[in-house]
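Coordinate inspection notes
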Amino acid sequence: FLTGFKRLVDYAARIGVHAVIVWGFLRDAHGGVKAAKELAAYARDHGVAILPGVGLCAYGGYYYEGDHPFNLATYLRKHPERASTAFEDGGGREVAPVLDPSLAENQAWWRDGLEWMLETFAIGGVNYEMGDFIVNPSESAVRARAGLGFETNGNLMDCVVATRGLLRHALAAKPDGLFINSTYRGYHRIASFPAMPYVDAVPPGTVWQYTLDEMVRKPGFPEEFAGAPEHRRYGYLHWFNTSTRTVDRDYAADIARVYPGAARLGFEFIGTYGELGINGNPAADRNYRAQTAWAQNPALALEDFA
């Protein structure tokens, strides 16, 4: 764990990657707190921010894998009454058990976990997600969504219910931190686009993640997606990775088209899978370097990239 991630940090520092999101940042099998502290400090000292990936209602909580007070399974064993069955946005697949985002006890647990994480590790922020596209059907959650005063995707409303107080607390504790709410959808899959009323329901320093893959394939990109309210945005691309069978594809031309468009739409960050090593795969090195090149200069011409 430490060997691999320190090499990743070295590479990120060398080519100008701002931050690395680490899912499974805390696992007993990877050395737990001690190893995570060492990695976070190493990254900080090399100018790279570590952002642990944290599932709020599912996916392990702050301590991804292990018997720990901030591990979700451990918490649920102690407080099973604070969970419920939920359904994917639109009434789809059932997901259980998940935390009810509207319960004050769960919100307090998230705040306590955040405080512990910021006190223990030299991290640059946290990448939060709800856990898939779940919508909680509990009476308390239904009331909480109704009390927001706006309508959009149920999953995004649950996200606001869960995080508005948490993010206020996070940004007060670490004003320069990156605290991300993950939507895992593009603008075209947001019911309230372009109004996006959830933006004003959380602190203005919140970074919202949007998946760019389908957006950038639209013939009208980026103009089709203009008009969103001003807020901090992080675009996510599922490019050059094993799951999409694109490990050897040269994406420089795509990056040269997409990054200037994302810049015109106001995206502050773009992220991608970082699972491909560069040893023996020059395409991966070229693709990572192309991303940092166009992030630093969206006006860069393809013929000038080397």
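Anything mentioned here points back to the structure above.
Here we summarise the structure given alongside this text. What you see is a predicted model; the values in this text were computed from it and never measured.

1. Focus on the overall build of the protein
What the protein contains, in helices and strands, is nine helices and ten strands. Taken over C-alpha atoms, the radius of gyration comes to 19 Å for the protein, in line with the 19 Å a tight globule of 306 residues would show. Referenced to the eigenvectors of the C-alpha coordinate spread, the extents of the protein come out at roughly 60 × 45 × 35 Å. Scored against the burial criterion, the 306 residues of the protein give a buried share of 52%. Looking at the protein alone, contacts between residues at least 24 apart form 74% of all its contacts between residues at least 6 apart. With the model as given, the accessible surface of the protein reaches about 13600 Å², and the carbon-plus-sulfur share is 51%. Counting 29 positive and 35 negative side-chain charges, the protein places the averaged centre of each group 2 Å from the other.

2. Quick look at the sheet that holds strand β3 (residues 83-88)
One key point about sheets: their strands pair by backbone hydrogen bonds, in either a parallel or an antiparallel sense. Read from one edge of the open sheet, three strands run β4-β3-β6, paired in antiparallel fashion. Each having just a single partner strand, β4 (94-99) and β6 (134-135) make up the two edges of the open sheet.

3. Looking at the packing of aromatic side chains
Applying the stated criterion to the full structure yields 23 aromatic pairs. An aromatic cluster is built from F25, Y62, F70, Y75, W109, W116, F121 and Y128, whose rings are joined through pairwise contacts. Note that K6 overlies the ring of Y42, its terminal NZ or CZ placed 5.2 Å from the centroid.

4. Digging into the pairing of strand β7 (residues 178-182)
Burial analysis of β7 places five of its five residues in the buried class, which makes it a mostly covered element. Of the two faces of β7, the one carrying L178, I180 and S182 and the one carrying F179 and N181 are both buried. Two strands pair when backbone bridges link them, and strand β5 (residues 125-129) and β7 are joined in this way by four bridges, in the parallel orientation. Across the sheet, residue Y128 finds its bridge partner in β7, namely N181.

5. Description of a nonpolar patch on the surface
Nonpolar side chains collect at one region of the surface, where I21, W23 and Y59 lie side by side and expose about 260 Å² of accessible area between them. As for its position among the elements, Y59 is in the loop between β2 (49-55) and α3 (72-78). The exposure class of Y59 is partly exposed, given its relative accessible area of 39%.

6. Some thoughts on the nonpolar core
Soluble, globular proteins show a tendency: their nonpolar side chains are buried together. Core analysis: the biggest nonpolar cluster contains 86 residues, and F25 and Y198 have the highest contact counts within it. Look past the residues within four positions of Y198 in its chain and what remains in contact with it is F150, T152, L156, V160, I190, S192, W208 and Y210. Residues L51, L178, Y234 and Y236 belong to the second largest nonpolar core, which totals six residues.

7. Brief notes about the pattern of salt bridges
As a working rule, side chains carrying opposite charge can pair if their charged atoms are close by. Within this structure, the stated rule accounts for 13 salt bridges. Two residues, D45 and R44, come together in a salt bridge whose shortest N-O distance is 3.0 Å. The partner of E230 in a salt bridge is R233, and the shortest N-O contact between them spans 3.7 Å. With relative accessibility at 3%, the residue R233 sits in the buried group.

8. Some points on helix α6 (residues 154-173)
The periodicity of an α-helix, 3.6 residues per turn, causes residues three or four positions apart to be oriented the same way. Taking 1.5 Å as the rise per residue, α6 with 20 residues should run 28 Å; its terminal C-alpha atoms sit 29 Å apart, in good agreement. When the local axis directions of α6 are compared, the greatest deviation, roughly 45°, occurs at T163. The buried fraction of α6 amounts to 14 of the 20 residues, a majority that puts the element mostly inside the structure.

Parameters at a glance
For every chain, the first residue of the written sequence is number 1, and numbering continues from 1 along that sequence. Totals for whole chains, interfaces and linings use all residues, but because this is a predicted model, local features are given only for residues with pLDDT of at least 70 and pairs of side-chain atoms are given and counted only at 80 or more. The basis for every side-chain value is the complete set of heavy atoms in the structure, and neither hydrogens nor water enter the calculation. Numbering of helices and strands runs from the N terminus, with a helix taken as a DSSP run of H or I at least four residues long and a strand as a DSSP run of E at least two residues long. Here the globule rule reads 2.2 Å times residues to the power 0.38, and the radius of gyration is calculated from C-alpha atoms. Only protein chains enter the calculation, and the probe is 1.4 Å; a residue is then buried if its accessible area is under 20% of its type maximum, exposed if over 50%, and partly exposed in between. Residues are treated as being in contact if the distance between any of their heavy atoms lies within 4.5 Å. Computed with a 1.4 Å probe, the accessible areas rest on the Shrake-Rupley method; for each residue, only the protein chains presented here act as cover. We score Asp and Glu as negative and Lys and Arg as positive, and we do not count His or the chain ends. The atom standing in for a charge is NZ when the residue is Lys, CZ when it is Arg, CG when it is Asp and CD when it is Glu. For two strands to pair, DSSP has to find at least two bridges joining them. Any pair of Phe, Tyr and Trp rings, taking the six-membered ring for Trp, is counted once the centres come within 6.5 Å. Such a pair is stacked with planes under 30 degrees apart, edge-to-face with planes over 60 apart, and tilted for the rest. In this analysis the charged atom, NZ for Lys or CZ for Arg, is taken to sit over a ring once it is within 6 Å of the ring centre and within 35 degrees of the ring normal. Patch membership requires over 30% relative accessible area and the absence of a salt bridge. Like charges are linked within 9 Å, and nonpolar side chains (Val, Leu, Ile, Met, Phe, Trp, Tyr) within 5 Å. By definition, a salt bridge exists where a carboxyl oxygen of Asp or Glu is found within 4 Å of a side-chain nitrogen of Lys or Arg. Among buried residues, those of type Ala, Val, Leu, Ile, Met, Phe, Trp, Tyr and Cys that are joined through side-chain atoms within 4.5 Å constitute a nonpolar core. What a helix is expected to span follows from its residue count: subtract one and scale by 1.5 Å. Axes are fitted to the seven residues ending at a residue and to the seven starting at it; the angle between these axes is taken as the bend at that residue.

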